[in-house]
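# Architecture at a glance
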Amino acid sequence: QVQLVESGGGLVQAGGSLRLSCAASGGTFSFYDMDWHRQAPGKQRELVATITRRGSTDYADSVKGRFAISRDNFASTMYLQMNSLKPEDTAVYYCKAYLLGRDYWGQGTQVTVSS
């Protein structure tokens, strides 16, 4: 019932910025707890940032001070603002929603940061 679609990835130079979006359909968006995850080549998927249905946020230490997670319940969309990007941020970024006892995942969007 829940579909998630990420967008906004691309190729940027180190020090640049991107804003990722995750558009949701199905269910009631305001009831979702949501995360951003990323997976780099040869690495395990890692949690980047979380935002609860009530707006509480948390971040991985590697992105604190550079990334900001937010949500717009009226637009049924979650965002990840990424600033001061580093080559080590290169990965496929995935959004995840938790609703009614299960996880839902988007298809991912590629972020590549060049040096």
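The structure contained in this document is the topic of the report that follows. (Residues numbered from 1 in each chain as written. Predicted model: local features only at pLDDT ≥ 70, side-chain atom pairs only at ≥ 80, totals over all residues. Heavy atoms only, no water.)

Ranked by internal contacts, the top residues of the largest apolar core, which has 30 residues, are Leu4, Met34, Trp36, Leu80, Met82 and Tyr93. Looking at this core, the elements with two or more residues in it are strand 3 (18-25), strand 4 (33-39), strand 5 (46-51), strand 7 (67-72), strand 8 (77-82), strand 9 (91-99) and strand 11 (109-114). Top contributing element to this core by residue count: strand 9, with 5 residues. (Core = buried A, V, L, I, M, F, W, Y, C linked by side-chain atoms within 4.5 Å. Buried < 20%, exposed > 50% of the residue type's maximum accessible area, 1.4 Å probe, protein only. Helix = DSSP H or I, 4+ residues; strand = E, 2+ residues; numbered from the N terminus.)

Quick look at the sheet that holds strand 3 now. On the basis of which strands lie adjacent, the open sheet formed by 4 strands has the order 1-3-8-7 and antiparallel pairing. Looking along the sheet, the strands with just one partner apiece sit at the ends: strand 1 (3-7) and strand 7. Averaged over neighbouring strand pairs, the angle between their axes works out to 15 degrees when direction is ignored. The pairing of strand 1 with strand 3 spans 5 bridges and is classified as antiparallel. Residue pairing for strand 3: Leu4 is matched across the bridge by Ala24. (Pairing = 2+ DSSP bridges. Axes fitted to C-alpha atoms, helices over the stretch in contact; angles between N-to-C directions.)

The next thing to look at is the pattern of salt bridges. When the charged atoms of two side chains with opposite charge come close together, those side chains can pair. One pass over the structure, following the stated rule, counts 7 salt bridges. Of the charged contacts, one joins Asp89 and Arg38 as a salt bridge, the two residues approaching to 3.0 Å between their closest N and O atoms. One end of the pair, Asp89, is in the loop between strand 8 and strand 9; the other, Arg38, is in strand 4, with 51 residues separating them in the sequence. For the pair Asp89 and Arg38, one class covers both residues: buried. With a closest N to O distance of 3.3 Å, Lys64 and Asp61 form a salt bridge. For Lys64, a relative accessible area of 48% gives the class partly exposed. In this structure Asp61 comes out as exposed when scored by relative accessible area, which is 66%. (Salt bridge = Lys/Arg side-chain N within 4 Å of Asp/Glu carboxyl O.)

With that settled, consider unusual backbone geometry. Here the phi dihedral of Ser76 falls at roughly 50 degrees; this positive angle occurs in a residue that is not glycine. Its location among the elements puts Ser76 in the loop between strand 7 and strand 8. Exposure remark for Ser76: the relative accessible area of 22% places this residue in the partly exposed category. One non-glycine residue, Ser84, lies in the positive phi region at around 50 degrees. Tracing the backbone through its elements, the reader meets Ser84 in the loop between strand 8 and strand 9. Given the relative accessible area of 42%, Ser84 is considered partly exposed.

Summed over all chains, the structure comprises 1 disulfide. The side chain of Cys22 participates in a disulfide bridge whose partner is Cys95; the two sulfur atoms lie 2.0 Å from each other. Its S-S torsion of approximately 55 degrees makes the covalent link between Cys22 and Cys95 right-handed. Of this pair, Cys22 sits in strand 3 while Cys95 sits in strand 9, and the two are 73 residues apart along the sequence. The exposure classification of Cys22 matches that of Cys95, with both residues buried. (Disulfide = S-S within 2.5 Å.)

Purely geometric numbers; function is a separate question.
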